[in-house]
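# Chain and residue survey
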Amino acid sequence: MTEYVAIKDSAKHVGETVKMHVWLTDKRSSGKIMFLQLRDGSAFFQGVIRKEDVSEETFQTAKGLHQEASFYVTGTINEDKRSKFGYELQISDLEVVSNREGFPVTNKEHGIDFLLDHRHLWLRSRRPFAIMQIRNTLFKATVDFFEKEGFIKFDAPLLMHTAPEGTTELFHTEYFETDAYLSQSGQLYGEVGAEAFGKIFTFGPTFRAEASKTRRHLTEFWMMEPEMAWMHQDESLDLQERFLAYITGQVLEKNQYELEILGRDPEKLRPTTEGNFVRLDYGEAIKMLQEAGREIQWGDDFGAPDEAYLANQFDRPFFIVNYPTAIKPFYMKKNPENPKTYLCADVLAPEGYGEIMGGSERESDYEVLKAQLEEAGLSLETYNWYLDLRRYGSVPHSGFGMGFERVIAWICKLDHVREAIPFPRMMTRIEP
Ligand code: 4AD
Ligand code: MG
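In what follows, the accompanying structure is described.

Rules used throughout
Residues numbered from 1 in each chain as written. Chains lettered and ligands numbered in written order. Predicted model: local features only at pLDDT ≥ 70, side-chain atom pairs only at ≥ 80, totals over all residues. Heavy atoms only, no water. Pairing = 2+ DSSP bridges. Helix = DSSP H or I, 4+ residues; strand = E, 2+ residues; numbered from the N terminus. Axes fitted to C-alpha atoms, helices over the stretch in contact; angles between N-to-C directions. Contact = heavy atoms within 4.5 Å. Patch = residues over 30% accessible without salt bridge, like charges linked within 9 Å, V, L, I, M, F, W, Y side chains within 5 Å. Areas by Shrake-Rupley, 256 points an atom, 1.4 Å probe, with all protein chains shown as cover. Salt bridge = Lys/Arg side-chain N within 4 Å of Asp/Glu carboxyl O. Parallel < 35°, antiparallel > 145°, perpendicular 65-115°, else oblique. Nonpolar A, V, L, I, M, F, W, Y, C, P; charged D, E, K, R; others polar. Polar contact = N/O pair within 3.5 Å; in protein donor to acceptor, adjacent residues only side chain to side chain. Phe/Tyr/Trp six-rings, centres within 6.5 Å; stacked < 30°, edge-to-face > 60°. Buried < 20%, exposed > 50% of the residue type's maximum accessible area, 1.4 Å probe, protein only. Left-handed = near helix turned anticlockwise from the far one by under 90°.

Turning our eyes to something else, we now look at the sheet that holds strand β4 (residues 70-79). Spatially, β1-β2-β3-β5-β4 is the arrangement adopted by the five strands of the closed barrel, whose pairing is mixed. Across the sheet, the mean angle from the axis of one strand to that of its neighbour is 55°, orientation sign disregarded. Sheet topology places strand β1 (residues 17-30) next to β4; seven bridges connect them, and they run antiparallel. Within β4, the residue paired with Val 22 across the bridge is Phe 71. In the packing of helix α1 (residues 56-63) onto the sheet, contacts are made with β1, β2 (33-39), β3 (44-50) and β5 (87-98), and the angle to β5 comes to roughly 80°.

What follows is the structure in structure tokens.
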């Protein structure tokens with residue numbers, strides 16, 4: 001069996017003659033020498049064909065290659081100090097698998113709508129490549145982090161009857177004789193997991209029928225939600241800080257190449273790896289905004305421009321703690337020092353990114369939670385199973401949710417979360 005070398009492993013094969021399987025992204029020739037830009041899904045680099053080194057037939061075949069032609073290639077890996085990647089392939093032979101003219105996503109500038117319509121092909125380009133590699137690092141880093149912290153991965157259902165985050169943004173579907181909703185959050189099931197296994201995290205798609213066309217909203221996005229039995233809110237904040245420091249550090253360690261493709265300055269991410277996130281009281285945040293001349297009162301929720309303003313004041317993520325009860329969901333535990341607020345926190349990312357995570361200590365007292373459900377106008381019957389968690393073996397517990405695409409958008413410095421997921425779902429887009 002032939003061993004194919006991946007482009008990203010070039011450094012290990014300098015001076016060797018190797019076989020690779022590649023696609024062509026671009027091509028340039030100057031008479032007797034041809035430069036083929038190659039990719040194989042692991043990285044991008046350049047192949048060089050000299051007329052004098054190959055048969056006339058091979059040279060002519062290379063000349064006739066179109067963008068996205070796929071082929072096997074044989075050649076010698078050389079160091080190439082002039083390229084960012086550092087290596088190139090001196091090609092001696094190639095065998096074409098597919099070669100067709102007219103690949104729509106050319107190397108010219110395209111508008112975003114065109115690119116999104118061709119997302120199934122656009123994903124082969126450098127920029128989506130870099131973003132998806134970073135997404136993969138963040139996924140792996142998340143799983144590794146929670147494993148080290150003694151958590152297990154616990155899977156929440158996606159079809160559900162109970163609404164964890166209020167009833168206005170639910171996708172509804174018929175479900176045989178009854179109704180179902182697509183999950184907005186796995187949290188209520190995560191709380192089940194915490195009482196069964198101590199520390200768990202869920203990680204999967206969530207759905208919000210939000211009619212918001214902002215650069216921060218998808219209708220289908222991935223959320224990661226840890227839930228910790230016996231843990232109070234302060235310890236949860238410590239955990240959130242360690243978590244963000246770790247996953248950001250992993251990207252800095254593993255994705256230098258990708259950050260460079262994106263033109264993302266790694267130094268902007270460095271402070272996050274040090275932890276020490278500011279814990280800003282909600283009331284303080286309101287004051288900061290008022291002093292900056294913004295129209296906002298105690299009790300208001302922050303708009304995106306408010307969050308962006310606050311998020312520009314810091315060089316790393318920070319917490320806003322203890323929001324008013326009126327603007328947060330029913331399951332949170334009231335702050336004993338000020339019952340108009342909850343023991344909760346949102347994490348805002350710097351550089352204007354705003355909310356990337358949110359969480360709280362959960363109300364663990366049966367009677368209090370029941371009253372909060374009633375106050376929120378929710379049906380006790382639907383939430384009966386959830387109340388069982390407070391009837392039997394209830395303990396103090398806390399948790400939070402990370403919006404995966406929001407974190408990716410910040411780490412990669414994207415203008416819009418739509419680039420952070422392979423196939424974005426938005427109000428006006430469900431294809432491809
Ligand atoms: O703040 P949210 O609504 O919190 C929850 O769902 C809780 N149950 C989490 C928990 O405590 N277990 O959503 C959590 C995060 C937000 O901070 C945000 O980053 C992201 O999910 N998010 C979205 N991301 C993309 N598109 C949307 N429409 C989003 N809505 C929320
Ligand atoms: Mg939130």
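This brings us to a nonpolar patch on the surface. Where nonpolar side chains cluster on the molecular surface, the patch consists of Tyr 4, Tyr 72 and Val 97 and spans about 270 Å² of accessible area. Looking at the secondary structure, you find Val 97 in strand β5.

For the pair helix α8 (residues 282-291) and helix α9 (residues 304-311), interaxial distance at closest approach is 11 Å and the crossing angle is 95°. Classified by the angle their axes make, α8 and α9 are roughly perpendicular. Of the residues in α9, those in contact with Ala 285, Met 288 and Leu 289 of α8 are Asp 306, Tyr 309 and Leu 310. Residues that form the contact of α8 with α9 fall into these classes: five nonpolar, no polar and one charged.

Time to look at the side chain of Gln 372. For Gln 372, the location among the structural elements is in helix α10 (residues 366-375). Among the polar contacts listed, one links the side chain of Gln 372 to the backbone oxygen of Phe 330, at a separation of 2.6 Å. Residue contacts for Gln 372: discarding those within four places in its chain leaves Phe 330, Tyr 331, Met 332, Lys 334, Tyr 342 and Glu 363.

Another aspect to go through is the packing of aromatic side chains. One pair of aromatic rings is described through two measures. These are the centre distance and the angle between the planes. Scanning all chains against the criterion turns up 29 aromatic pairs. Aromatic side chains Tyr 282 and Phe 302 sit 5.4 Å apart centroid to centroid with 45° between the ring planes, which places their arrangement in the tilted category. With a gap of 20 residues between them, Tyr 282 in helix α8 and Phe 302 in the loop between α8 and α9 connect regions that are remote in the sequence. Phe 302 shares its class with Tyr 282; the two are buried. Through a chain of ring-to-ring contacts, three or more aromatic side chains come together here, namely Phe 145, Phe 146, Phe 151, Phe 201, Phe 243, Tyr 246 and Phe 400.

Below, the discussion takes up the sheet that holds strand β13 (residues 318-321). Strand order in the open sheet formed by eight strands is β6-β10-β11-β18-β17-β16-β13-β12, and the pairing between neighbours is mixed. Bordering the open sheet on either side are β6 (152-153) and β12 (279-281), each of which pairs with just one other strand. As paired elements, β6 and strand β10 (residues 199-207) share two bridges and run parallel to each other. In the sheet register, Ile 152 faces β10, and the bridge partner there is Ile 200. Seen against the sheet, helix α5 (residues 187-197) touches β6, β10, β11 (220-229) and β18 (397-403) and runs at an angle of roughly 30° to β11.

With that out of the way, let us pick up the packing of helix α4 (residues 126-148) against helix α12 (residues 404-412). For any two helices packed against each other, the geometry comes down to the angle between their axes and how far apart the axes lie. Packing of α4 against α12 brings their axes to within 10 Å, and their N-to-C directions diverge by 120°. When the axes of α4 and α12 are compared, the pair comes out oblique. With respect to the hand of their crossing, α4 and α12 are arranged in right-handed fashion. Counting all contacts with α4, which are made through Ile 131, Ile 134, Arg 135, Leu 138 and Phe 139, the residues of α12 involved are Phe 404, Glu 405, Val 407, Ile 408, Ile 411 and Cys 412. Here the residues of the contact of α4 with α12 are counted per class, giving nine nonpolar, no polar and two charged.

Any functional reading would require information beyond the geometric quantities listed.
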